[in-house]
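Chain by chain, the residues run as shown.
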Amino acid sequence: MRTSAFSRVRCGQSRGVGLAVLAPGVALLLQAGAASAAPPTGIACNSAGANPTFTLEAKSGYIQLPDSSTMYMWSYAMGGGAFQHPGPVLCVNQGDTVTVILNNSLTEDVSIMFPGQENVLANGVPAQPQFDGTSTLTSLTNVAGKNGGSMTYSFVASSPGTYLYESGTNPQKQVRMGLFGALVVRPSTVPSGATGTPAPGDFVNNRVDSRFTTGAMFSTTEPLVNEEYMVLLSEIDPYLNQAVESGLPFNPNNYRPRYWLINGRGFPDSIADNDASWLPDQPYGALARIHPFDANSHPYPGAIRYLNVGTEEFPFHPHGNNGLVIGRDGRALEGPSGQDMSFEKFAINIGPGQTWDVLFKWYDAENYSEANPVPVTIPQVNNQEFGMFYSGSPYLGKTGTLPPGASTLNECGEYYIISHNHALYQLTSWGVNLTGPITYVRVDPPLPNNCP
Ligand SMILES: [Cu+2]
């Protein structure tokens, strides 16, 4: 994080992607911020070594939304760091004793729940629901008191996979206001049967078939591409946020989301780089950047960690690809004797509170090239539409001539494939169409290529 003592450790490119998109009626230039601590694409982990301690601060701030509005939010920020939405991605290893110190700068009590973790301690004793003097439940777990209170949670990370962390205090308000983040637990050992010399973190869980592509898979002459991604889905009812900001009451019966986000951003911001300069408080992009699957040069799939912290189901829908679901809610999909219970899925239906771990590959199945042309006649130029990402050629790795007046943001003949939430009513920002939970998969040409 910008000013934290924690490191963001996944490999990645050191340069900006330099993309642009067409929002409805608007051309918007997307460019990476200058000195970025995180890789431009891929999950941006905060790690702190073995048995890590993270200090988080509950505070308020503002985010930017695709309809040009700003929204008052609450968040867990890194201690001493700037407000950010969503909270920091915490990455730990199986078996670690994880300590999270929560400092509370908000004006009401807050807390953190760690769904899927067992035997969570709060200030050293078992975390428990909290009641007031009349046996009314006030919090699902121990709180950090308002206006400067603190609480220290700890647990042993037991099962590799993907988890939410979120407020357990008045969650219908506090989680909706943004008090949530992602927790990744990585295996501590390489699963038996693995070939080569992989690191434990090259696997999603303790199954040998959960291996995915990390930056180390690629040569140092190519910008390193780490193919591990986060899709954290959330929602906002602006009337709740406005009421909280103004200190006014809000009837939860009237709660109704009007914005839906990936990683705290709506499209087109969702495909901007991690740490994009114009989104100082929304550090996490959602663009997936991959190479075509190849058994020799690129033998492992990419990994996506889906999380839904909203109140509605998100039927997420990567075009042109099945995903292999290998984990749910931080548990590998396998039977009691290790039976393989993974399954292929086209639309990934992530229910409220769920997490799904999914592997995916993109095959250049028919190897179309200028020597093996697509078996349809390309229409005349005046009958074609040119998107902002089209290279001018239908062939991967090729660029071609665009008609006069057309411009492109394509860099090197790469492909872009949309990946979006398929509840289409959620693809808006308070009515601004085709924003919301949309991102792309960028497929780069095989190595060697001309990509900058
Ligand atoms: Cu679609």
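What this report covers is the structure whose coordinates are included nearby. (Residues numbered from 1 in each chain as written. Predicted model: local features only at pLDDT ≥ 70, side-chain atom pairs only at ≥ 80, totals over all residues. Heavy atoms only, no water.)

## Thoughts on the coordination of the copper ion
Stated precisely, the cut-off is as follows: Coordination shells were defined by N, O and S atoms within 2.8 Å of each metal, extended to 3.2 Å for Na, K and Ca; water is absent from the atom set, which can make sites look incomplete. Only DSSP runs of H or I reaching four residues or more are called helices, and only runs of E reaching two or more are called strands; each is numbered from the N terminus. The buried label applies to any residue whose accessible area, calculated with a 1.4 Å probe on protein chains only, is under 20% of its type's maximum; exposed applies above 50%, and partly exposed to all values in between.
The coordination sphere of the copper ion contains the protein donors H317 (NE2), H319 (NE2) and H420 (NE2), at a distance range of 2.0 to 2.5 Å. Each donor residue of the copper ion belongs to the same chain, and together they define the spacing H-x1-H-x100-H. Of this pair, H317 sits in strand β18 (residues 314–318) while H420 sits in strand β24 (residues 415–421); the two residues are 103 residues apart in sequence, bridging distant segments of the chain. Given the relative accessible area of 8%, H420 is considered buried.

## A short note on the nonpolar core
The condition that has to hold: We call a set of buried residues a nonpolar core when its members are Ala, Val, Leu, Ile, Met, Phe, Trp, Tyr or Cys and they connect through side-chain atoms within 4.5 Å of each other.
Counting residues in each nonpolar core, the largest one holds 32 residues, and the members touching the most others are L102, I112, F114, Y153, Y165 and L183. Counting residues per element, the ones that place at least two in this core are β3 (53–64), β4 (70–78), β5 (90–93), β6 (97–104), β11 (150–156), β12 (161–166), β13 (180–186) and α2 (238–246). It is β4 that contributes the most residues to this core, four residues altogether. W260, I350, W362 and I417 belong to the second-largest nonpolar core, a separate cluster that totals 24 residues.

## Remarks on the sheet that holds strand β16 (residues 288–290)
Threshold: Pairing between strands requires that DSSP locate at least two bridges from one strand to the other. Axis angles are defined between N-to-C directions and span 0 to 180 degrees, where every axis is a line fitted to C-alpha atoms and, for a helix, only to the segment in contact.
Strand order in the open sheet formed by five strands is β16-β27-β24-β18-β22, and the pairing between neighbours is mixed. Only two strands of the sheet have a single partner each, and these edge strands are β16 and β22 (348–350). On average, each strand axis in the sheet is tilted by 20° relative to the strand beside it, whichever way the strands run. By the bridge criterion, three bridges tie β18 to β22 in an arrangement that is antiparallel. Paired with F316 across the bridge in β22 is I348.

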